[in-house]
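Summary of structural features
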Amino acid sequence: MKWLIQILFLVSLFMFVRGILRTLFASKKAPSNFKSSNPFYSEQSKVKQGKMEKDPVCGTYVDVDTALQKSFSGKTLYFCSSDCLEKFKASH
Ligand SMILES: [Zn+2]
């Protein structure tokens with residue numbers, strides 16, 4: 001039965017080495033993915049930091065990415081909450 005253990009050992013060693021090689025190839029590939037995905041993330045955070053709009057109902061400055069939006073006379077208005085949006089709809 002010792003040969004079986006040896007074969008199992010060799011097979012697991014082979015799998016181990018293959019796993020390492022795969023990790024090496026994957027990490028070689030990773031930097032290019034990382035670089036291409038990075039500007040996207042920084043761009044997104046730039047947009048998030050750069051664009052704040054005033055809620056016309058309560059006057060709070062809201063993030064355009066997360067705020068509720070409504071088109072009104074050719075402009076996009078941003079609201080901090082559905083309460084403000086409803087108030088705006090009711091008064092216009
Ligand atoms: Zn508001």
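Structural notes, computed from the coordinates. (Residues numbered from 1 in each chain as written. Predicted model: local features only at pLDDT ≥ 70, side-chain atom pairs only at ≥ 80, totals over all residues.)

1. Section: the overall build of the protein
The condition is simple: Strands here mean DSSP runs of E at least two residues long; helices mean DSSP runs of H or I at least four residues long; both are numbered from the N terminus. Burial in this document is a count-based property: other C-beta atoms within 10 Å of a residue's C-beta are tallied, and the residue is buried at 20 or more, exposed at 12 or fewer, or partly exposed in between, with C-beta positions derived from the backbone.
Tallying secondary structure elements over the protein gives 2 helices and 4 strands in all. Put simply, the protein runs from its N terminus to its C terminus through helices and strands in the order α-β-β-β-β-α. Here the protein holds 92 residues, and 7% of them are scored as buried.

2. What about unusual backbone geometry?
For residues besides glycine, phi is generally negative; the peptide bonds are generally trans as well. Residues other than glycine seldom take positive phi values, yet Ser 73 does so here, at roughly 40 degrees. Along the chain, Ser 73 turns up in the loop between β3 (68-72) and β4 (75-79).

3. Side note on the pairing of β4
Keep this limit in mind: One bridge is not enough; two strands pair if DSSP finds at least two bridges between them.
Here β3 runs beside β4; their pairing, made up of 5 bridges, is antiparallel. Residue pairing for β4: Phe 72 is matched across the bridge by Lys 75. Hairpin remark: β3 followed by β4, antiparallel, with 2 residues in the connecting loop; positive phi at Ser 73, about 40 degrees.

4. What to know about the nonpolar core
Applicable threshold: Definition of nonpolar core: a set of buried Ala, Val, Leu, Ile, Met, Phe, Trp, Tyr and Cys residues joined via C-beta atoms within 7 Å. By definition, residue pairs are in contact when their C-beta atoms, positioned from the backbone, come within 7 Å.
If you look at the biggest cluster of nonpolar residues, it comprises 6 residues: Val 62, Ala 67, Leu 77, Tyr 78, Phe 79 and Cys 84. For this core, the leading source of residues is β4, giving 3 residues. In this view, Cys 84 contacts Asp 55, Val 57, Cys 58 and Phe 79; residues no more than four positions away in its chain are not counted.

5. Re the environment of Lys 54
With respect to the helices, strands and loops of the structure, Lys 54 is situated in strand β1 (residues 52-54). Sequence separation of Lys 54 and Leu 77 is 23 residues, and the distance between their C-alpha atoms is 8.1 Å. Residues contacting Lys 54, with those up to four places away along its chain left out, are Gly 59 and Tyr 61.

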